[in-house]
Amino acid sequence: MSEPRQGRRGDLVALAGLGLAYWVAHLLVINRYGWFRDELYYIACSKRLAWGYVDHPPFSIAALAIIRGLFGDSLPAVRFVPGLLGAACIFMTGLMARSMGAARRGQILAAVGVAVAPVFLFTTHIYSMNAFDLVFWTLCALLLVRIVQTGDQRLWILLGAAFGVGLLNKISLLWLGGGMGVGLLLTPARRTLATRWPWLAGALAFVIFLPHVIWQAATGWPTLEFMRNATAHKMADVSYAEFLRMQLNALNPFALPLWLGGFLFCMFGRQGRPWRILGWVFLVIFLFLMVSGKARASYLSPAFPMMLAAGGVAFDRWFEKRGWRLVVPLYLVLLLAGGAIAAPFTLPVLPVETFIAYSARLGVAPHQEEHSRLGLLPQHYADMFGWEELAATVARVYDGLDEADRKRCVIFAQNYGEAGAIELFGGRYGLPPVVSNHNNYWLWGPRDSSGDLVIVVGGDRSDEEADFNEVSQAGLFECRYCMPYEDGLTIWVGRGLKTDLRELWPKMKNYN
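Predicted model, so just to flag it, every value in this text is computed and none were measured. (Residues numbered from 1 in each chain as written. Predicted model: local features only at pLDDT ≥ 70, side-chain atom pairs only at ≥ 80, totals over all residues. Heavy atoms only, no water.)

K.L.:
What am I meant to see in empty space enclosed by the protein here?
P.N.:
Unoccupied space between atoms shows up once a probe the size of one water molecule is rolled over them. For the coordinates displayed, the defined rule picks out 1 cavity of 30 Å³ or more. Each pocket or cavity is described by its volume, and for the largest cavity that value is around 30 Å³. If you list the elements that add at least two residues to the lining of the largest cavity, you get β2 (434-436) and α23 (440-444). With 3 residues, the top contributor of residues to the lining of the largest cavity is β2. When grouped by side-chain class, the residues that make up the lining of the largest cavity number 4 nonpolar, 2 polar and 2 charged. (1 Å grid on protein atoms, 1.4 Å probe; cavity = no way out; pocket = protein on both sides within 12 Å on 5 of 7 lines; lining within 4 Å. Points joined across faces, edges and corners; volume = space filled by probe spheres on them. Helix = DSSP H or I, 4+ residues; strand = E, 2+ residues; numbered from the N terminus. Nonpolar A, V, L, I, M, F, W, Y, C, P; charged D, E, K, R; others polar.)

What follows is the structure, given as structure tokens:
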């Protein structure tokens, strides 16, 4: 195979410049709305390092512990990394297009396709495993492209290492592994299976991932239970048509010609024949998630950079061959315009009331991916409001107790967002320990509390009266922009739990 056209240093500078601009855009709005629910939980996890957690592997948590140790617990300190990971994905997507044969305009087109995708804007705005996941998927795809392009089988070792570490971040990378396996079998790249290199890569990935597997086995495979419960009770059903619509919106409708053109180029184009393996990888993952009937829009998103890279190659070659060189820059302007229109829906560039008015003017209603009623904001924004105010409300209840009661008090929260918020802001308000039965908080246990006096966040009076000898309503938390189930929370004080909390705890598990 011939080497792709090289833009030399100018290509790398242009791609790095795009990544830098993307990162700066995130820095400008880094703390506009507030902490996201999962970020609060992640911080709690990073204080309790382990080889696994109920709902995620350990890599992003260990990284967060390092970040917090170096820079502290402020929102900008935690969030500057996701934007940087987004910049890295943009750069690698451009490199992928370059390795596949795109000139500079094709590389830039592919990179911009990533930059204007609403799903990536949000993924790389908050701290979570998903921003790392995007990088690992893109890195693995880039290494696969380099193996096909150069024939250097030793790159399989790097691919295996990236895959293993990526699995330690999020196990959905297995979808990519399955797609690669099918792609190898259905293309001439199957010849590499006769060598030792892909098998060594698989063995290396397994060894790296093994500590998490051991942790899962030692703790009763909690992630499998979590996934079963979430699929059965939490995730909304998604029709095939809805799944397709979600992908169009997640990637920016204007990007459809780019990624779809990339897919067609890989699967049917004569010049795209070397990259057919990428088409099969994408198709296998796409069909698997669509048929599952429960996939969120973001589940497929890490697979799109490879198609955007292929689209950059396809646009570059198709329109240059026909002498239509203005098509690519004009399409680039269209992509940027579409990205600007869609950006406020996943990046908080607008004040919240301005966003609500903007969304209403465009006729875009909040989209529901879970069995939860929505309020004024889509869930990903609603989950950024009210957390410190919740902690302050609980603090007022706690401060209203006499000194003897405060010494024996524990706080119970219904979910990890509430518990994480009270834990993060609790030091500021002098709050006692918080416990919860939700996901990894259940594994962390009741903190040796007997439940003699508990401040309960949320729940119904009838439930609390069934559990305690004495129950009193002590506070009310209200929040205009939160998810509806977080608004109007009653803060209860329960005295004399009828069953010792330490005995009751095994029956309270809520993996969901």
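So much for the structure itself; the text now carries on.
K.L.:
How should I be thinking about the sheet that holds strand β1 (residues 409-413) in this particular structure?
P.N.:
Sheet strands pair via backbone hydrogen bonds, and the direction of the pair is either parallel or antiparallel. Here we have 5 strands laid out as an open sheet, ordered β2-β1-β3-β5-β4, and mixed in their pairing. Of all strands in the sheet, those with a lone pairing partner are β2 and β4 (468-477), marking the two edges. The average undirected angle you get between the axes of adjacent strands in this sheet is 25°. Where β1 meets strand β3 (residues 453-457), 5 bridges bridge the pair, whose relative direction is parallel. What sits directly across from I411, in β3, is I455. Helix-sheet contacts for helix α20 (residues 387-399) involve β1, β3, β4 and β5 (489-497), and the interaxial angle to β4 is about 130°. The strands touched by helix α22 (residues 416-429) are β1, β2, β3 and β5; relative to β2, the strand with the most contacts, the crossing angle is about 170°. (Pairing = 2+ DSSP bridges. Axes fitted to C-alpha atoms, helices over the stretch in contact; angles between N-to-C directions. Contact = heavy atoms within 4.5 Å.)

K.L.:
I would appreciate a short explanation of the environment of A421 in the present structure.
P.N.:
Examined against the element boundaries, A421 turns out to sit in helix α22. A421 gets classed as buried once you look at its relative accessible area, which sits at 0%. Separated by 12 residues in the primary sequence, A421 and C409 have C-alpha atoms spaced 18 Å apart. (Buried < 20%, exposed > 50% of the residue type's maximum accessible area, 1.4 Å probe, protein only.)

K.L.:
I keep staring at the packing of aromatic side chains and nothing clicks. Help me out?
P.N.:
Remark: the centre distance and the inter-plane angle together describe each pair of aromatic rings, the angle taken between the planes. Under the defined criterion, the tally for this structure stands at 25 aromatic pairs. Feature note: the residues Y33, F345, F355, Y358, Y381, F385 and Y481 constitute an aromatic cluster, connected by ring pairs. Cation over ring: K509 sits above W442, and NZ or CZ is 5.3 Å from the ring centre. (Phe/Tyr/Trp six-rings, centres within 6.5 Å; stacked < 30°, edge-to-face > 60°. Lys NZ or Arg CZ within 6 Å of the ring centre and 35° of its normal.)

K.L.:
Please explain the nonpolar core as it appears in this structure.
P.N.:
The nonpolar side chains of soluble globular proteins are, as a tendency, buried together. In this structure, L278 and I455 are the most contacted members of the largest nonpolar core, which totals 153 residues. It is helix α7 (residues 129-150) that contributes the most residues to this core, 14 residues altogether. With residues near it in sequence (within four places) discarded, L278 still touches M100, L144, V145, C266, M306 and M307. The next biggest cluster of nonpolar side chains, apart from the first, holds 16 residues, and it includes F412, W492, M508 and Y511. (Core = buried A, V, L, I, M, F, W, Y, C linked by side-chain atoms within 4.5 Å.)

K.L.:
Help me out: how do you make sense of the packing of helix α5 (residues 104-115) against helix α16 (residues 304-321) in this one?
P.N.:
Pairs of packed helices are described in terms of their axes, by the angle between the two and the distance that separates them. For the pair α5 and α16, the least separation of the axes is 8 Å and the interaxial angle reads 145°. Like other packed secondary-structure pairs, α5 and α16 cross with a definite hand, here right-handed. Where α5 abuts α16, its residues R105, G106, L109, A110, G113 and V114 lie against P305, L308, A309, G312, F315, D316 and E320. Classifying every residue of the contact of α5 with α16 by side-chain character gives 7 nonpolar, 3 polar and 3 charged. (Left-handed = near helix turned anticlockwise from the far one by under 90°.)

K.L.:
So what exactly am I meant to see when it comes to unusual backbone geometry here?
P.N.:
Among all residues except glycine, the phi angle is most often negative; among peptide bonds, the trans geometry is most common. In this structure, W221 is a non-glycine residue whose phi angle is positive, near 55°. Looking at where W221 falls in the secondary structure, it is placed in the loop between α10 (197-218) and α11 (222-234). In this structure W221 comes out as partly exposed when scored by relative accessible area, which is 40%. One non-glycine residue, R447, adopts positive backbone phi at about 60°. Position of R447 relative to the elements: it lies in the loop between α23 and β3.

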